[in-house]
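What the coordinates show
Letter by letter, the chains look like this.
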Amino acid sequence: MTEGKSITQLLLRASCALTLACFILISAAQAQSPERVTSVEGITEYRLPNGLRVLLFPDPTKQTITVNITYLVGSRHENYGETGMAHLLEHLVFKGTPKHPNIPQELTERGSRPNGTTSYDRTNYFETFAATDDNLRWALDLESDRMVNSFIAKKDLDSEFSVVRNEYESGENSPINALIKRLMEASFAWHNYGKDTIGERSDIENVNIERLQAFYKRYYQPDNAVLMIAGKFDEPKTLEMVKQYFGPVPKPARELPRLYTNEPTQDGERTVAVRRVGDIQGVGVAYHIPAGSHPDFAAIQALGVVLADTPSGRLHKAVVETKKAVTAANFQFQTHDPGASLFYAVVPKDASVEATRDAILQTIDDLAKNPPTADEVERARQKLLKNIELASNNSDNIGLTMSEYIAMGDWRLYFLRRDRLKKVTPEDVKRVAAAYLKPSNRTVGLFIPTPTPDRAEIPPRPDVAAMLKDYKGEAPVAMGEEFDPSPANIDSRTSRSTASGLKLALLSKKTRGGKVVARLSLRFGNEKDLLNRADAGSLAGGLLMRGTSKRTREQIQDEIDKLKARVNVFGASTQAGAMIETTRENLPAVMRLVAEILREPSFPEKEFEQLKQNRITGSESQRSEPISVAFNAFSRHMNPYPKGHFGYVRTVDESIADLKAVTLDDVKKFHSDFYGADHGELAVVGDFDDKEIAKLASELFGGWKSSRPFTRIPQTYNNVEPINKSFETPDKANAFFLAGINLNLRDDDPEYPALVLGNYMLGGGFLNSRLAVRIRQKDGLSYGVGSSFGAGELDKSGSFLANAIYAPQNAAKLEAAFKEELARAIKDGFTPDEVEKAKSGWLKSRQVSRAQDNELAGALVNRLYLNRTLAWDAEMEKKVEALTPEQIQAAMRKHIDPARITIIKAGDFAKAAQKQANN
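Rules used in this analysis
Residues numbered from 1 in each chain as written. Predicted model: local features only at pLDDT ≥ 70, side-chain atom pairs only at ≥ 80, totals over all residues. Heavy atoms only, no water. Axes fitted to C-alpha atoms, helices over the stretch in contact; angles between N-to-C directions. Helix = DSSP H or I, 4+ residues; strand = E, 2+ residues; numbered from the N terminus. Parallel < 35°, antiparallel > 145°, perpendicular 65-115°, else oblique. Left-handed = near helix turned anticlockwise from the far one by under 90°. Contact = heavy atoms within 4.5 Å. Phe/Tyr/Trp six-rings, centres within 6.5 Å; stacked < 30°, edge-to-face > 60°. Buried < 20%, exposed > 50% of the residue type's maximum accessible area, 1.4 Å probe, protein only. Lys NZ or Arg CZ within 6 Å of the ring centre and 35° of its normal. Expected span 1.5 Å × (residues − 1). Arc of directions from axis to C-beta. Polar contact = N/O pair within 3.5 Å; in protein donor to acceptor, adjacent residues only side chain to side chain. Nonpolar A, V, L, I, M, F, W, Y, C, P; charged D, E, K, R; others polar. Pairing = 2+ DSSP bridges. Core = buried A, V, L, I, M, F, W, Y, C linked by side-chain atoms within 4.5 Å. Salt bridge = Lys/Arg side-chain N within 4 Å of Asp/Glu carboxyl O.

1. Overview of the packing of helix 28 (residues 770–778) against helix 29 (residues 811–828)
In the contact formed by helix 28 and helix 29, the axes pass within 10 Å of each other and the chain directions differ by 150°. In terms of orientation, helix 28 lies roughly antiparallel with respect to helix 29. Our pair here, helix 28 against helix 29, has a crossing hand that is right-handed. Along its contact with helix 28, which presents Arg770, Leu771, Arg774 and Ile775, the element helix 29 presents Leu814, Ala817, Phe818, Glu820, Glu821, Arg824 and Ala825.

Structure follows, in structure tokens:
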């Protein structure tokens, strides 16, 4: 008995010990689980023990997932000699890790839509891909790995710094970009918001790799990041995946440096002038404003619309309608710290820039005597709230937009901003105008001694955590249905019919927030009747939304905002149409408005003059732009049509002369001669009643016939002799390279699928094509390089085209690299592994495209015109899946002859040659 009792006691003790150990293990596991923080309008925040914040936004109506990780580091965090470091790091994080050595290849193979962006307060990386658990695991594995294991290697820096410098030079080509950059420099004397995110050339060229690595290790850590996942996914399962991939990343021991520089109160007007080669003029005015999280920011946004909206804004009326400028606009920097509100105008070369500046300042200063009216503020509120509501219906968009609000201090600021906008009053707008739009707070003027200075005191950044402590937001937006974006399912769900010549494709499904998109295309004219009428047709299309027999331009825009819609009605010399995005309950009213715009334009004379001047100024601005110069020269050579023909490519001087010759009567006659709906297509995708919309389409467009016969203008194949020419564009830091060949090919030819995939491997994909790997990744010669291939759908007329931006001094290197890679692809072909990965990426990218309702509507319109269904797409994808490397190589050898390639280059080659001679 004694011995037995002892054994029992031992067993009890062992059992208790095991139970305690299990309890400790379970408690430890629970402690490592993500902590739920808060939930607002369908978005739930969790926090991992290592400090990573996680936002989950499930949306079963999307057949895609967007993974977006935001690091709270941008140009604001850079020190002396480090300008551009955050942006340069963004580039290097795509260079790989030991586990993911070729990130561009992985992104391409998954058919994803990826990118990375850098701003003042944050850097983000995202990828949108087809919604599968496998893809999601891959994305989380990729982002968790490159968070702390990116190479950030010297060899990658050596090639990439010149790519970033090339990107820097590309921005320097734009007169308005250069003006805004100098304006911000003058506005901020101490804060880093005065330094352009891309950095200064000397810092880009001389950055130290050890310093860059230290910057990466300091800021790319879980406690300085917010991960957002939006789209179709299972929330509990996804949370476990996040824990699996990000949980093991240790919380760093370091403490982030505290940034404490505040921009001092501005004590007088400042001015800045930029004198450079250019074909347009510009005026810019900057005012200091509070941080994006400040309660005043909503009223400041409304004030920006009151002043700079087109066509209702006061600046539009003051400088555009009076022909002092062709455009006037405003935007605010929504930043972590107090930022800036910028007003700017593009001024024709022959106008007085001083008179435009004076008119802008007078209009802004006049707010003191004539404050914003209730109607103006209501219009602004409607526009801003409409944009928020429409954006909220797209989970992909929300996922990316949240980066900006995360950088401001908290993602919930997105919803709080909306709530504040709803409460903005005319008194609020008047108050912020008086508080911040003061002469002493702007950058454009002179210093004037004042005995009693009146300065704009910018309030400090508010305590965001306290402000949002109990914030709950509104009810989440209603969800839609899960939808399979396969061609077969799309065809089975799409009803097709004809309404008095207008072909209809209607795909009704439940969507988030009742979203619906529509695409309308009207085709008209023939080769004989359209001779020498291209500009009349283009101007007629540009005037459609500027007034009808019932509404002014402002009233049209107000009605669009009231209906919570995005509408673009357009027209050209052979086609007109409309793009619509709205909600179920508003679609019928929006369609009626679109029909009114198309059928009853009033063609106001003052709007005609504005548009005409805008087009002339736009043509002037292209005289010395390398991209425009190169494309014009290339197109004129490749398409040698006689003057007046529909396909004739004009010079800048010819375009300006033709525009000046067009009269308002020409525009009106073009509309009366050609517009009609007897040859057209309408596709609607989203939440709507298909029977109601079919009946409405017939009511609105049935019987509306063009008075001239429609005959499709065929595309012809031009077998031109190749040329290789350079064109000088003085004082432009960036050059442009263009190469291509015309192809006698249609998209039903046997070699078409092989050429599609061959081009995808040669110059498509995401930084993973042969051209991108060689010219950008390896040689560091170009920020943007790629190729495209297309073939006629109805005529044998196709083309292969390649392009790149680059520094003028690298012209010979870039051309040689392009020729070598093209020759290698044709001589050696592609490996079986390359082909299989390309197939996977290309097919997945098409699935992602069909999951976007606006792209799907565009595809349905195109298929209606061609008398095709998406069965054609399915068959095309089968042909691509069956391709062999030998078939691809044979097709490229047959159709793309390197000896027949035309090459055009535009840039400041003379200056580059002079620099080399001096060195």
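Back to the write-up after that little detour.
2. Section: the packing of aromatic side chains
A full pass over the atoms with the stated rule returns 25 aromatic pairs. Between Phe129 and Trp138 the ring centres are 5.9 Å apart and the planes differ by 75°, which places this aromatic pair in the edge-to-face class. For Phe129, a relative accessible area of 0% corresponds to the buried category. For the ring pair Phe215 and Tyr219, a centre distance of 5.0 Å and an interplane angle of 55° mean the geometry is tilted. Linking Phe215 with Tyr219, this pair stays in helix 8 (residues 209–219), spanning 4 residues, or about one helical turn. Tyr219 carries the same exposure label as Phe215, and that label is buried. Members of the aromatic cluster, joined through ring pairs, are Tyr71, Phe94, Tyr125, Tyr216, Tyr220 and Phe766. Arg523 extends its terminal NZ or CZ atom over the ring of Tyr865, reaching a point 3.6 Å from the ring centre. Here the guanidinium or amino end of Arg868 rests over the ring plane of Trp872, the centre of that ring lying 4.1 Å away.

3. Points about helix 26 (residues 690–701)
The terminal C-alpha atoms of helix 26 lie 16 Å apart, and with 12 residues this matches the ideal 16 Å at 1.5 Å per residue to within 8%. For helix 26, the set of buried residues is Ile693, Leu696, Ala697, Leu700 and Phe701. Buried residues in helix 26, looked at end-on, bunch into an arc of 105°, giving them a common side. Opposite the packed face of helix 26, turned more than 90 degrees from it, sit the exposed residues Lys691, Lys695 and Glu699. Contacts from the buried residues of helix 26 go to strand 13 (502–508), strand 14 (515–523), helix 21 (587–599) and strand 17 (680–686). At the N-terminal end of helix 26, a side-chain oxygen is found 3.0 Å from the backbone nitrogen of Lys691, two or three residues along, and the residue is Asp689. Residue Gly703 follows helix 26 closely and has a positive phi angle near 80°.

4. Digging into the packing of helix 21 against helix 26
At a minimum axis separation of 10 Å, helix 21 and helix 26 run at an interaxial angle of 20°. Of the possible angle classes, the one that applies to helix 21 and helix 26 is roughly parallel. Between helix 21 and helix 26 lies a crossing of right-handed hand. Every residue of helix 26 that contacts helix 21 at Leu587, Pro588, Met591, Arg592, Ala595, Leu598 and Arg599 is listed here: Glu692, Ile693, Leu696, Ala697, Glu699, Leu700 and Phe701. The residue makeup of the contact of helix 21 with helix 26, split by class, is 10 nonpolar, no polar and 4 charged.

5. A look at unusual backbone geometry
Trans peptide bonds make up most of the peptide bonds, and negative phi angles are found at most residues other than glycine. Here the residue pair Thr310 and Pro311 is connected by a cis peptide bond, since its omega of 15° sits within 30 degrees of zero. Within the secondary structure layout, Pro311 lies in the loop between helix 10 (297–308) and helix 11 (314–320). In this structure, Asn532 is a non-glycine residue whose phi angle is positive, near 65°. Note on placement: Asn532 falls in the loop between strand 14 and helix 19 (534–543). Positioned with a positive phi, Leu767 is a non-glycine residue whose angle comes to about 60°.

6. Observations regarding the environment of Glu793
Residue placement: Glu793 occurs in the loop between strand 20 (785–790) and strand 21 (798–806). A relative accessible area of 33% places Glu793 in the partly exposed class. Sequence-distant contacts of Glu793, defined by excluding residues within four places in its chain, comprise Arg746, Asp747, Asn862, Leu866 and Arg868. One polar contact links Glu793 to Asn862, side chain to side chain, over a distance of 3.4 Å.

7. A look at the sheet that holds strand 22 (residues 902–907)
The strand order across the open sheet built from 5 strands is 18-22-19-21-20, with neighbouring strands paired in mixed fashion. The sheet is open, and its two borders are formed by strand 18 (724–728) and strand 20, each paired with just one other strand. If you compare each strand with its neighbour and ignore which way they point, the axes differ by 15° on average. Two elements, strand 20 and strand 21, share 6 bridges in a ladder whose sense is antiparallel.

8. A short note on the nonpolar core
In this structure, Ile43 and Met402 are the most contacted members of the largest nonpolar core, which totals 63 residues. Counting residues per element, this core draws most heavily on helix 10, which supplies 10 residues. Setting aside anything within four residues of it in sequence, one finds Ile43 in contact with Thr38, Leu55, Leu56, Phe57, Met228, Ile398, Met402, Trp411 and Phe415. Listed in part, the 56 residues of the second largest apolar core include Ala578, Val590, Phe608 and Phe701.

9. Description of the pairing of strand 6 (residues 123–130)
In terms of burial, strand 6 is largely enclosed, as 8 of its 8 residues are buried. Note: strand 4 (residues 64–71) against strand 6, 8 bridges, orientation antiparallel. Within strand 6, the position partnered with Ile65 by the bridge is Phe129. Across 6 bridges, the pairing between strand 5 (residues 113–118) and strand 6 is antiparallel.

10. Here's the deal with the sheet that holds strand 17
Taken in spatial order, the 6 strands line up as 12-13-17-14-16-15 in an open sheet, and their pairing is mixed. Two strands lie at the open edges of the sheet, namely strand 12 (494–499) and strand 15 (566–571), each paired on one side alone. Sheet twist, expressed as the average angle between the axes of neighbouring strands with direction ignored, equals 10°. By the bridge criterion, 9 bridges tie strand 14 to strand 16 (residues 575–583) in an arrangement that is antiparallel. Along strand 16, the bridge assignment pairs Arg523 with Gln575. Against the sheet, helix 21 engages strand 14, strand 15, strand 16 and strand 17, with an angle of about 155° to strand 16.

11. Regarding the environment of Lys181
Positionally, Lys181 belongs in helix 6 (residues 175–187). Along the backbone, Lys181 and Lys195 are 14 residues apart, and their C-alpha atoms lie at a distance of 7.9 Å. Non-local contacts of Lys181, meaning those with residues more than four positions away in its chain, are made with Tyr168, Glu172, Asp196 and Gly199. A polar contact of 3.4 Å, which involves the side chain of Lys181, links it to the side chain of Glu172.

12. Overview of the pattern of salt bridges
When the charged atoms of two side chains with opposite charge come close together, those side chains can pair. Counted by the stated rule, this structure contains 90 salt bridges. Arg418 serves as the salt-bridge partner of Glu41, at 2.6 Å between the closest nitrogen and oxygen. Residue Glu41 is found in the loop between strand 1 (35–40) and strand 2 (43–47), and its partner Arg418 is found in helix 15 (residues 413–423); the two are separated by 377 residues along the sequence. What makes Glu41 buried here is its relative accessible area of 8%. For Arg418, a relative accessible area of 9% corresponds to the buried category. One salt-bridge network, in which partners are shared between bridges, spans Glu41, Arg418, Asp419, Lys422 and Glu474.

All we've got here are geometric facts, nothing functional implied.
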